[in-house]
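Tertiary structure, described
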Amino acid sequence: MSMAARVEAKAKENEKDGGGWVSANVREVVEIVRAPKHLRLKWKEHPDEELKGFKERCTLWSVEE
């Protein structure tokens, strides 16, 4: 299963913690692009998350609504 699917599953498990969840790589790309609508995003960090099927823990990010 892909990392994107695992991140989506983690978001569903934690619906109370905000809207869409993304990996650190996706958040980095959003920050680099700096589209005007992205400048208003409020990020919440979720460090040390475990994703099924992946050995390493990772930092995920959610966008607060």
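Look up: the structure comes first, before these words.
Predicted model, so just to flag it, every value in this text is computed and none were measured.

Moving on to the pattern of salt bridges. Under the defined criterion, the tally for this structure stands at five salt bridges. As a salt-bridge pair, glutamate 50 and arginine 57 come within 3.1 Å of each other at their nearest N and O atoms. Residue class for glutamate 50 comes out partly exposed when judged on its relative accessible area of 49%. Ionic contacts of the salt-bridge type, sharing partners, join the residues Lys10, Glu13 and Glu49 into one network.

The subject of this paragraph is the nonpolar core. Counting residues in each nonpolar core, the largest one holds six residues, listed as Val7, Ala11, Trp21, Leu51, Cys58 and Leu60. Counting only elements with at least two residues in this core, the list comes to α1 (3-13) and β3 (58-63). With near-sequence residues (within four places) excluded, tryptophan 21 lies in contact with Val7, Lys10, Ala11, Asn14, His46, Glu49, Leu60, Trp61 and Ser62. Grouped together as the second largest cluster of nonpolar side chains are five residues, Val30, Trp43, Trp61 and Val63 included.

Right, let's get into the pairing of β3. Note on strand geometry: in a regular strand, side chains alternate between the two faces of the sheet. Where burial is concerned, most of β3 is hidden: five out of the six residues are buried. Sheet topology places strand β2 (residues 43-49) next to β3; five bridges connect them, and they run antiparallel. Note that in β3 the partner of tryptophan 43 across the bridge is valine 63.

About the cut-offs
Residues numbered from 1 in each chain as written. Predicted model: local features only at pLDDT ≥ 70, side-chain atom pairs only at ≥ 80, totals over all residues. Heavy atoms only, no water. Salt bridge = Lys/Arg side-chain N within 4 Å of Asp/Glu carboxyl O. Buried < 20%, exposed > 50% of the residue type's maximum accessible area, 1.4 Å probe, protein only. Core = buried A, V, L, I, M, F, W, Y, C linked by side-chain atoms within 4.5 Å. Helix = DSSP H or I, 4+ residues; strand = E, 2+ residues; numbered from the N terminus. Contact = heavy atoms within 4.5 Å. Pairing = 2+ DSSP bridges.

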